[in-house]
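# Analysis of the macromolecular model
Next come the chains, spelled out residue by residue.
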Amino acid sequence: MPDLHYPTVSLIVAIVNGVAILVMAALWYINRDVPGPGVWTLAAISSGLGFVAVILRPQLGSAFSPVNNTLLVGAALLHVEGLLRFKQLGRPQWRWLWSVAVLVVAAVIATMHRDNAQARYMLQDPLIMTVLLTTAGLLLWRNEGRWRVIYGVCAAFVAMAALAFVLRWSIVMRAPPGSDMLQHPVMGIVFLLLLTHNLAWICGMSLAVNLRVQERLQKMALNDPLTGLANRRQLDAFASQALRRAERRGEHMAVVVLDLDGFKALNDRHGHAAGDGVLREVAKRAQNATRSTDLVARLGGDEFVVMLEGESREALDQAVNRLKRELRRTPLFDGPPTPVGFSMGVATFPEDGAHLVALLREADARMYGQKREHASTRSMDIVPGD
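The structure reproduced in this document is the subject of the present report. Bear in mind the structure is a predicted one, so any value in this text is a computation, not a measurement.

### Here's the deal with the environment of Arg 291
Note that Arg 291 resides in the loop between α11 (272–289) and β2 (295–300). Each C-alpha atom, one on Arg 291 and one on Leu 308, is 8.4 Å from the other, the two residues being 17 residues apart in sequence. Setting aside anything within four residues of it in sequence, one finds Arg 291 in contact with Glu 309 and Gly 310.

If you want it as structure tokens, here you go:
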């Protein structure tokens, strides 16, 4: 491998880190509600300063190694911290203690062996390898769909950087005592792989933040902002697929229309905050009573729709009764006496209709019939087909 002028290479890496600082700072400014980019901006600053220290090595003298190594290890730790925040893993207040401890160890090693690069690499490279491999492992942890591609590519480049330190450490361990490791060709490989790692990190994390924002916008478009339930758009899409699947398999489906009784009086007496709490409680109970293959949606106001899948009519009856029991388990409003109940109408596929509009119309009519009949009661005891 040709000899490399390390100050020049360090200048190039420092420039790349300068770009990383600008990109991460812009990413954080635009998406300040997304955890992670702010910490990655600090990591880019720390890494950039670490390579600037290589350029200023003659001016820094014996302080070069402690400054350079501490800044680079700090950047690696900040990458881990930002990633943990972005993936919402663990508790930040405890992680800082471990990060500070590792940083202190790195600073002590660099200070004690500031004039002996061989001894410094021998002790510090395993520490850096561990941090980088931890980052790669976190990138690969619990990913699905498009996240596997983004995190997988980033993890590969982080692992390559770790392998560079493995290579340097193995050479250091075999080198005779007193060898000048700063002039060894492996140093060029380490610099180049760190440069590649930095570029991959900028691109990968920018894509990750962009995907996170896209998913959030998609969720906002398909979910009710108050309860987190599906909205009408998601209900239509789900029903289209579920009804075709039920027809193909010869199975049954139930569309349950649920409307609260006494909700307007609750809002008038206790305010909309109390009403919002009841809506969230209904959403929570409905989700607890249904399976992952079912769908609970809020159409607006105090009207909910639950779509239930079942192999038989008896299975649907059991699912509807389970939903009623969960809703009636305790009062929906825990406050001064204000009766809040619910009316329920059920329509089944294929008996009551072959598409969502027809099923909703039939279930809605049955729900309003029960609401008129039992206007003074808290809840209804309705079964499919009544």
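### Structural notes on the sheet that holds β2
Sheet architecture is open: 4 strands sit in the order β2-β3-β1-β4, paired in antiparallel fashion. At either end of the open sheet lies a strand with only one pairing partner, and these are β2 and β4 (341–349). Shown here is a sheet whose adjacent strand axes are inclined to one another by a mean of 20 degrees, direction ignored. Against the sheet, helix α9 (residues 232–249) engages β1 (252–261), β2, β3 (303–310) and β4, with an angle of about 20 degrees to β3.

### Overview of the side chain of His 79
Mapped onto the fold, His 79 is located in helix α4 (residues 64–86). The buried category is assigned to His 79, whose relative accessible area is 9%. With residues up to four places along the chain from it excluded, the contact list for His 79 reads Trp 40, Ala 43, His 197 and Trp 201.

### Examining the pairing of β2
As defined by bridge partners, β2 adjoins β3 across 5 bridges and the pair is classed as antiparallel. Following the sheet pairing, Arg 298 is matched in β3 by Phe 304.

### A short note on the pattern of salt bridges
Pairing between side chains of opposite charge can happen when their charged atoms approach one another. In total, this model carries 16 salt bridges according to the counting rule given. With its nearest N and O atoms 2.9 Å apart, the salt bridge here joins Lys 371 to Asp 259. Linking Lys 371 in helix α13 (residues 356–373) with Asp 259 in strand β1, this pair joins segments that are 112 residues apart in sequence. Given the relative accessible area of 18%, Lys 371 is considered buried. Here Asp 317 and Arg 313 are joined by a salt bridge, their closest N and O atoms 3.8 Å apart. A residue pair is termed a helical-turn pair when its members lie 3 or 4 positions apart in one helix, as Asp 317 and Arg 313 do in helix α12 (residues 313–327) at 4 residues. Of the residues examined, Arg 313 reaches a relative accessible area of 25% and is grouped as partly exposed. Each of Glu 81, Arg 85 and Arg 95 takes part in a single network of salt bridges with overlapping partners.

Cut-offs applied
- Residues numbered from 1 in each chain as written.
- Predicted model: local features only at pLDDT ≥ 70, side-chain atom pairs only at ≥ 80, totals over all residues.
- Heavy atoms only, no water.
- Helix = DSSP H or I, 4+ residues; strand = E, 2+ residues; numbered from the N terminus.
- Contact = heavy atoms within 4.5 Å.
- Pairing = 2+ DSSP bridges.
- Axes fitted to C-alpha atoms, helices over the stretch in contact; angles between N-to-C directions.
- Buried < 20%, exposed > 50% of the residue type's maximum accessible area, 1.4 Å probe, protein only.
- Salt bridge = Lys/Arg side-chain N within 4 Å of Asp/Glu carboxyl O.

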